[in-house]
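# Report on the structure
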Amino acid sequence: MSMLEGNRECGIRHRFEVRHRDRAPNRHPAEMEQLIHWCQVFDHEGLAPVEGGASAGNLSFRTSAGFVITPTRSLLKSNLDWRAFVEVVRVDRRGFALHVLGEHAPSSDSFLHERLYALRPDVMAVFHGHDDLVLTHADALAREFPIAVTGEARLFGTLDDAEDTAREMGSAPYCIRKGHGFVSVGRTLSAAGELAVTIHRRAVEISKQA
Ligand SMILES: [Zn+2]
């Protein structure tokens with residue numbers, strides 16, 4: 001199982017409309033600091049490789065208004081300032097539009113984040129990354145960890161992909177998106193981040209044994 005070519009440059013384009021209600025997100029100092037930390041960990045561990053000039057990954061946490069997410073076409077290793085994040089405060093699926101607070105456009109995967117927060121009251125953080133080793137060793141990993149695997153490889157960023165991925169993930173804390181990458185969720189940012197790192201490091205071990 002490898003990467004579907006259209007998913008390679010994650011975030012190279014967002015297909016939805018963005019309505020900026022304000023030019024800055026609400027301030028969530030503690031969570032934003034953690035989000036910056038996990039962006040750097042993802043970059044450092046190779047969970048958001050740079051593809052086409054931007055990091056392939058998107059990370060968010062839930063807020064009372066919606067969720068705060070990394071902007072599309074961003075580099076996660078560059079010291080992200082809290083003002084770089086985007087708070088999605090309304091999701092219009094019929095109009096395929098997102099209402100946001102912030103300077104930038106939110107991640108192209110925002111509709112998946114929205115679905116997961118809507119369907120999973122237990123989830124406070126959603127982290128998505130690209131990890132070729134996890135794709136390669138998906139079956140072995142799924143025997144060791146509570147991992148859901150999507151049924152087919154499909155192009156990301158569509159409403160169908162968001163809907164189907166969230167449904168196929170069920171109540172699992174981690175999902176392998178076939179031909180694409182992974183999603184890790186948790187009750188805290190740390191839980192989502194630590195699980196992603198644990199599974200990545202296990203995939204590295206498995207690949208060395210193979
Ligand atoms: Zn992706």
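One can find the structure itself at the top, above this paragraph.
What counts as what
- Residue numbers here run from 1 along each chain, matching the order of that chain's written sequence.
- It should be noted that, the model being predicted, local features are given only for residues of pLDDT at least 70 and side-chain atom pairs only at 80 or more, the latter also being counted only at that level, while totals for whole chains, interfaces and linings use all residues.
- Only runs of H or I of at least four residues qualify as helices and only runs of E of at least two qualify as strands under DSSP, and these elements are numbered from the N terminus.
- Radius of gyration here is computed from C-alpha atoms only, and the compact-globule reference equals 2.2 Å multiplied by the residue count raised to the power 0.38.
- Labels follow a simple rule on C-beta atoms placed from the backbone: if 20 or more others lie within 10 Å of a residue's own, it is buried; if 12 or fewer, it is exposed; otherwise it is partly exposed.
- A pair of residues counts as a contact when their C-beta atoms, built from backbone coordinates, are separated by no more than 7 Å.
- Two strands pair if DSSP finds at least two bridges between them.
- Angles here are taken between N-to-C directions and fall from 0 to 180 degrees, while the axes themselves are lines fitted to C-alpha atoms, restricted in helices to the stretch in contact.
- An angle below 35 degrees is treated as roughly parallel, one above 145 as roughly antiparallel, one from 65 to 115 as roughly perpendicular, and anything else as oblique.
- Throughout this entry, Asp, Glu, Lys and Arg are counted as charged residues, while Ala, Val, Leu, Ile, Met, Phe, Trp, Tyr, Cys and Pro are counted as nonpolar. The remaining residues, Gly among them, count as polar.
- Given the number of residues in a helix, its expected span is that number minus one, multiplied by 1.5 Å.
- Directions from the helix axis toward the C-beta atoms define the arc.

Further remarks concern the overall build of the protein. Per the secondary structure count, the protein includes six helices and 11 strands. On C-alpha atoms alone, the protein measures out to a radius of gyration of 16 Å, which is about the 17 Å that the 2.2 N^0.38 rule sets for 210 residues. Referenced to the eigenvectors of the C-alpha coordinate spread, the extents of the protein come out at roughly 50 × 35 × 35 Å. Taken across its 210 residues, the protein has 45% of its residues classed as buried. Residue pairs at least 24 apart in sequence account for 69% of intrachain contacts in the protein once pairs closer than 6 positions are excluded.

Here we come to the sheet that holds strand β8 (residues 125-129). Strands sit in the order β1-β7-β6-β5-β4-β8-β11-β10-β9 across an open sheet of nine strands; the sheet is mixed. The two strands at the open ends of the sheet, each matched to only one other strand, are β1 (17-22) and β9 (147-149). With direction set aside, neighbouring strand axes in the sheet form an average angle of 25°. Inspection of the sheet shows strand β4 (residues 57-62) paired to β8 by five bridges, in the antiparallel sense. Across the sheet, Phe-61 pairs through a bridge with Ala-125, a residue of β8. Across the sheet, helix α2 (residues 110-119) touches β4, β5 (67-69), β6 (86-92), β7 (97-101), β8 and β11 (181-186), and the angle it forms with β5 is around 150°. Across the sheet, helix α6 (residues 189-209) touches β4, β8, β10 (174-177) and β11, and the angle it forms with β11 is around 145°.

Let's shift gears to the packing of helix α1 (residues 29-45) against α6. Viewed as axis vectors pointing N to C, α1 and α6 meet at an angle of 5°, and their least axial separation amounts to 10 Å. In this view, α1 runs roughly parallel relative to α6, as classed from their interaxial angle. Contacts between α1 and α6 involve Glu-31, Gln-34, Leu-35, Trp-38, Val-41 and Glu-45 from the first element and Leu-189, Gly-193, Val-197 and His-200 from the second. Looking at the contact of α1 with α6 residue by residue, the classes come out as five nonpolar, three polar and two charged.

Counting buried residues in β4 gives five out of six residues, a clear majority hidden from the surface. The pairing of β4 with β5 spans three bridges and is classified as antiparallel. Directly across from Phe-61, in β5, lies its bridge partner Val-68. Counting the residues in the hairpin turn of β4 and β5 gives four residues.

Before going further, it helps to spend a moment on α2. Where burial is concerned, most of α2 is hidden: eight out of the 10 residues are buried. For α2, the complete set of buried residues consists of Ser-110, Phe-111, Leu-112, His-113, Glu-114, Arg-115, Leu-116 and Tyr-117.

Our focus in this paragraph is α6. Spanning 21 residues, α6 covers 31 Å between terminal C-alpha atoms, matching the ideal 30 Å at 1.5 Å per step. All of the buried residues in α6 are Leu-189, Ala-192, Gly-193, Leu-195, Ala-196, Ile-199, His-200 and Ala-203. Looking straight down α6, one finds its buried side chains confined to an arc of 160°; they lie on one side. Opposite the buried face of α6, by more than 90 degrees, sit the exposed residues Arg-201, Glu-205, Lys-208 and Gln-209.

In this fold, Lys-178 is placed in the loop between β10 and β11. Sequence spacing of Lys-178 and Ala-138 is 40 residues, and the spatial spacing of their C-alpha atoms is 8.9 Å.

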